[in-house]
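Breakdown of the fold
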Amino acid sequence: MESVRVRDIVIGKGKPKIVVPIIAKSEREIEEQLQKIVQREIDIVEWRGDWFEGIFDCKRVEDILRWMRSYVGEIPILFTFRTAKEGGEKEISQETYNKININISKMQLVDLIDVEGFGFSDAEWLIKQLKQQNIKVIISHHNFEKTLPKNEMIKKLCKMQEMGADIIKMAMLPKSTKDVLELLDATEEMNRLYAKQPVVTMSMTEKGLISRLAGEFFGSALTFGAVGKTSAPGQIDVGELNFILTTIHNQLR
C-alpha cells in the first residue's frame, strides 16, 4: 500500500492522522471554531461546506478559504460537501455538487476534497477533474442505516479504489457489537489483501468508538475528533483521542 503525503502529513504510515471538522453556518462561526481548533494537536482541518449558509456563493466561499488558508499555515485543509442522503445538511443536484467541488479545486486553497463514491453516477469523472488540479481526493461512502456484511464492505472498498481517488473511506452504523467487529475485520482484510492506497473506516455512534481508536491495529489511516461540535455520532474530544492514539502507537513500536 502506498502512503499519501499532504504537505507535511503522511497518511497511511504510523498512527492515524486526526481530522477535526468545522461545523458552522456563518463566517463568524467558522472563524470562532477555527481559532479553537488550531490551538489543539491536530493533523487536518475539514471544512464541512454543507453546513455553511453561503456555500452556493462562490465569492463568499473563496473569501473564507483564503482566510482559512492563511490562518492555518501548513495544516492541510479538507473540503467536504456531505449530501443529505449520506448524513449531510443539504440536498443537492449532481450538477451543483460537481460545480462546487470543481470550483473549489480551481481556487487552489484546499489540499483534499471528499467525493461521495455512490451518491451520484459520475464520481469517477469528478475525481479526474479534481486530480487535474493537483488535489488529493478522498472517496467516501456512509451508511446511516446499518452495517453491511464483511464481504459487501470489502467489495465497496475495492470498487471505490478502482475509481481513482487517493484515499478510500467508509463509515457504517452499527446495531450491535458484532457489527463493529465486522467492520474491523473488513478493514484488516482490505488492508492485508487488496489495498493500494490508504483506507479509512469507522463504525459510528458510541457503540463504534473503538473503531476510531484502533485504526493502527486494523489499518484505518484517518480518524475524526471534535473540538466542540461533532460532525458525526461517536466523535470524541481531540485531546482524549490524541492521548489514546499516542499510547497505542508507543506500545506498537
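Here is what the cut-offs are and how they apply
- Residues numbered from 1 in each chain as written.
- Predicted model: local features only at pLDDT ≥ 70, side-chain atom pairs only at ≥ 80, totals over all residues.
- Heavy atoms only, no water.
- Helix = DSSP H or I, 4+ residues; strand = E, 2+ residues; numbered from the N terminus.
- Rg over C-alpha atoms; globule rule 2.2 N^0.38 Å.
- Buried < 20%, exposed > 50% of the residue type's maximum accessible area, 1.4 Å probe, protein only.
- Areas by Shrake-Rupley, 256 points an atom, 1.4 Å probe, with all protein chains shown as cover.
- Phe/Tyr/Trp six-rings, centres within 6.5 Å; stacked < 30°, edge-to-face > 60°.
- Lys NZ or Arg CZ within 6 Å of the ring centre and 35° of its normal.
- Arc of directions from axis to C-beta.
- Contact = heavy atoms within 4.5 Å.
- Pairing = 2+ DSSP bridges.
- Axes fitted to C-alpha atoms, helices over the stretch in contact; angles between N-to-C directions.
- Parallel < 35°, antiparallel > 145°, perpendicular 65-115°, else oblique.
- Left-handed = near helix turned anticlockwise from the far one by under 90°.
- Nonpolar A, V, L, I, M, F, W, Y, C, P; charged D, E, K, R; others polar.

**Some words on the overall build of the chain**
Looking only at helices and strands, one finds nine helices and ten strands in the chain. Relative to the compact-globule value of 18 Å for 253 residues, the chain shows a C-alpha radius of gyration of 17 Å, a close match. Projecting the C-alpha coordinates of the chain onto the three principal axes gives extents of approximately 45 × 40 × 30 Å. Here the chain holds 253 residues, and 57% of them are scored as buried. For the chain, the computed accessible surface area is about 11,300 Å², with 48% contributed by carbon and sulfur atoms.

**Side note on the packing of aromatic side chains**
Per the counting criterion, the structure on display carries six aromatic pairs. A ring pair is formed by tryptophan 47 and phenylalanine 79, whose centres lie 5.7 Å apart and whose planes are at 70 degrees; its orientation type is edge-to-face. Highlighted residues: tryptophan 47 in strand S4 (residues 44-48) and phenylalanine 79 in strand S5 (residues 77-80), separated in sequence by 32 residues. Take tryptophan 47 and phenylalanine 79: they sit in the same class, and that class is buried. Ring centres of phenylalanine 81 and tyrosine 97 lie 6.4 Å apart, and the angle between their planes is 85 degrees; on these two criteria the pair is classed as edge-to-face. Taken as a pair, phenylalanine 81 in the loop between S5 and helix H3 (94-107) and tyrosine 97 in helix H3 lie far apart in primary sequence, 16 residues in all. For the residue pair phenylalanine 81 and tyrosine 97, the accessibility class agrees, reading buried in each case. For the cation-ring pair, lysine 156 lies above phenylalanine 118, with the distance from its terminal atom to the ring centre recorded as 4.3 Å.

**Some details on helix H4 (residues 123-131)**
Residues that lie three or four places apart on an α-helix share one face, since the helix turns once every 3.6 residues. Restricting attention to buried positions, one finds in H4 the residues Ala123, Leu126, Ile127 and Leu130. Along the axis of H4, the buried residues cluster in a sector spanning 105 degrees; they form a single face. Along its buried surface, H4 packs onto H3, strand S6 (112-116) and strand S7 (136-143).

**So, the environment of isoleucine 22**
Inspection of the secondary structure assignment puts isoleucine 22 in strand S3 (residues 17-22). Using a relative accessible area of 0% as the deciding quantity, one classes isoleucine 22 as buried. Considered as a pair, isoleucine 22 and glutamate 32 are ten residues apart in the sequence and their alpha carbons are 9.7 Å apart. Not counting the four nearest positions on each side in its chain, isoleucine 22 is found in contact with Ile30, Gln33, Leu34, Ile37, Val45, Glu46, Trp47, Arg48 and Met68.

**A short note on the sheet that holds S5**
Overall, parallel pairing links the eight strands, which are arranged S9-S8-S7-S6-S5-S4-S3-S10 in an open sheet. Each edge of the open sheet carries a strand with a single partner, namely strand S9 (199-203) and strand S10 (222-224). Strand-to-strand, the axes of this sheet are offset by a mean angle of 25 degrees, without reference to chain direction. Sheet contacts for H4: S6 and S7; angle to S6, the most-contacted strand, approximately 170 degrees.

**Description of the packing of H3 against H4**
Relative to each other, H3 and H4 sit at 15 degrees, their axes nearing to 9 Å. One finds that H3 runs roughly parallel with respect to H4. H3 and H4 meet at a crossing whose hand is right-handed. Between H3, through Tyr97, Asn98, Asn101, Ile102 and Ser105, and H4, the contact on the second element is made entirely by Trp125, Leu126, Gln129 and Leu130. For the contact of H3 with H4, the residue count by class is five nonpolar, four polar and no charged.

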